[in-house]
Amino acid sequence: MTLPLFSLRRAGLCAVLAVQVLTLELLSPQQANAGVIERACRQSDRSAASPSLCRCIQKVANIQLTSSDRKTVSKWFGDPHQAQVVRQSSNHRDEQLWERYKLFGDSAAKTCG
């Protein structure tokens, strides 16, 4: 049985992609699967930011925050002043984000603390 040329090309491309994915997983299995909160937590200069704590915080964030919230909050690890800007804002969306963030923080402290 002979396979059409496009099937062989597709099979070759799939093999190349599989090798690339496997290589990424072997080189950095934790970082490859880490969410934005977990990566920001790990990259922070806080001594308590262990890999297991950062993973736990990410899991809580996945449940309680939207992907947009997680992206915004992850930036606060590197620039905490931005959290204060949101906290003190009179913008309705910022107020809602801050309320979700406080609930997330309380849950993360209880779950991961």
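A. How the structure looks around the overall build of the protein. Within the protein, the secondary structure is distributed over seven helices and zero strands. Of all 113 residues assigned to the protein, the portion counted as buried reaches 25%. Expressed as a percentage of contacts within the protein between residues at least 6 apart in sequence, the contacts between residues at least 24 apart total 53%. Element-wise, carbon and sulfur atoms account for 57% of the exposed surface of the protein, whose accessible area totals about 8100 Å².

B. Just the confidence of the model for the protein, in detail. With 71% of its residues at a pLDDT of 70 or more, the protein has an overall mean of 79. Predicted confidence in the protein is weakest over helix 1 (residues 5-27), with a mean pLDDT of 44, and strongest over helix 7 (residues 92-112), with 96. In this model, residues 5-11 is a region of pLDDT below 50 whose contacts with residues beyond four sequence positions or in other chains number one contact. Overall, residues 13-32 carries pLDDT values under 50, and its contacts beyond four positions in sequence, including any with other chains, amount to seven contacts.

C. Molecular detail of the pattern of salt bridges. What the rule picks out here adds up to three salt bridges. The partner of Arg 42 in a salt bridge is Glu 38, and the shortest N-O contact between them spans 2.9 Å. Here Arg 42 pairs with Glu 38, and both are found in helix 3 (residues 36-43), just four residues apart, close to one helical turn. The closest approach of N and O atoms between Lys 102 and Glu 99, which form a salt bridge, is 3.3 Å. One end of the pair, Lys 102, and the other, Glu 99, are both in helix 7, three residues apart, so they sit about a helical turn from each other. Judged by its relative accessible area of 38%, Lys 102 is partly exposed.

D. Main features of the layout of surface pockets. Its volume calculated, the largest pocket comes out at about 340 Å³. Looking at the lining of the largest pocket, the elements with two or more residues in it are helix 4 (51-64), helix 5 (67-78), helix 6 (80-88) and helix 7. Per-element tally for the lining of the largest pocket: the top contributor is helix 7, with six residues. Of the residues assigned to the lining of the largest pocket, the class counts are 15 nonpolar, three polar and one charged.

E. Structural detail: the state of the cysteines. In total, this model carries two disulfides according to the counting rule given. The disulfide partner of Cys 56 is Cys 112, and the S-S distance across this bridge is 2.0 Å. Negative torsions about the S-S bond denote left-handed disulfides, and the value of about -85 degrees found for Cys 56 with Cys 112 makes this one left-handed. Of this pair, Cys 56 sits in helix 4 while Cys 112 sits in helix 7, and the two are 56 residues apart along the sequence. Exposure class is identical for Cys 56 and Cys 112. Each is buried. Each disulfide of the protein joins two cysteines, and with those cysteines numbered along the sequence the arrangement is 1-2, 3-4.

The rules we used
Residues numbered from 1 in each chain as written. Predicted model: local features only at pLDDT ≥ 70, side-chain atom pairs only at ≥ 80, totals over all residues. Heavy atoms only, no water. Helix = DSSP H or I, 4+ residues; strand = E, 2+ residues; numbered from the N terminus. Buried < 20%, exposed > 50% of the residue type's maximum accessible area, 1.4 Å probe, protein only. Contact = heavy atoms within 4.5 Å. Areas by Shrake-Rupley, 256 points an atom, 1.4 Å probe, with all protein chains shown as cover. pLDDT = per-residue confidence, 0-100. Salt bridge = Lys/Arg side-chain N within 4 Å of Asp/Glu carboxyl O. 1 Å grid on protein atoms, 1.4 Å probe; cavity = no way out; pocket = protein on both sides within 12 Å on 5 of 7 lines; lining within 4 Å. Points joined across faces, edges and corners; volume = space filled by probe spheres on them. Nonpolar A, V, L, I, M, F, W, Y, C, P; charged D, E, K, R; others polar. Disulfide = S-S within 2.5 Å.

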